[in-house]
Amino acid sequence: MLDFESLLLDPVYAALGVDATFSKDGVAKEVRVLDHRDGIEQTVFIAGRRAAAMQQVPGLNAEDAVVFVRQAELPDSPRGGTFTIDGKPYKAMNALQKGQPGHGEWACVLQEA
């Protein structure tokens, strides 16, 4: 069986991810996220990645501020928790599963806290 995480997700998050802190129920954890808070026009790659993500995860809209986080880092739904990125807190209003449970990603729709 192919190890999707080590072949695809590990290198993508290592190269393009940003550090963030996730907190929920009084517990904080350092995580790495793919940051799409600024919209799809930032770079061609981000625009393509975000457009692909919207096609693969029903429920995402082009105007949503979104971050992706690996389920390996946050096995339980991050919905209702807070991501702090670059010192700014964002509440995860929704968390949509992308990929296989436990091996994919969460697409988290954010709102400034």
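You'll find the structure just up there.
Residues numbered from 1 in each chain as written. Predicted model: local features only at pLDDT ≥ 70, side-chain atom pairs only at ≥ 80, totals over all residues. Heavy atoms only, no water.

*Asks:* Sorry, what's going on with the side chain of Arg 37 here?
*Replies:* By the element assignment, Arg 37 lies in the loop between strand S2 (27-36) and helix H2 (44-56). Residue classification places Arg 37 among the buried residues on the basis of a relative accessible area of 17%. Here Asp 35 takes part through its side chain, which lies 2.7 Å from a polar atom of the side chain of Arg 37. Ignoring sequence-local partners within four residues, the contact set of Arg 37 consists of Ala 65, Val 66, Val 67, Ile 85, Asp 86, Tyr 90 and Leu 110. (Helix = DSSP H or I, 4+ residues; strand = E, 2+ residues; numbered from the N terminus. Buried < 20%, exposed > 50% of the residue type's maximum accessible area, 1.4 Å probe, protein only. Polar contact = N/O pair within 3.5 Å; in protein donor to acceptor, adjacent residues only side chain to side chain. Contact = heavy atoms within 4.5 Å.)

*Asks:* Please clarify how unusual backbone geometry should be interpreted in this entry.
*Replies:* Leaving glycine aside, a negative phi is the common case for residues, and trans is the common case for peptide bonds. Even without a glycine there, the phi angle at Asp 25 is positive, about 55°. Mapped onto the elements of the fold, Asp 25 is located in the loop between strand S1 (18-24) and S2. The residue Asp 86 is not glycine, and still its phi comes out positive at about 55°. Mapped onto the secondary structure, Asp 86 falls in the loop between strand S4 (82-85) and strand S5 (88-98).

*Asks:* Just to check I follow, could you spell out the sheet that holds S1 for this structure?
*Replies:* Each strand in a sheet pairs with another by means of backbone hydrogen bonds, the pair being arranged parallel or else antiparallel. If you walk around this closed barrel you meet the six strands as S1-S2-S3-S6-S5-S4, and the pairing is antiparallel. Here the average twist between neighbouring strands, direction ignored, is 45°. (Pairing = 2+ DSSP bridges. Axes fitted to C-alpha atoms, helices over the stretch in contact; angles between N-to-C directions.)

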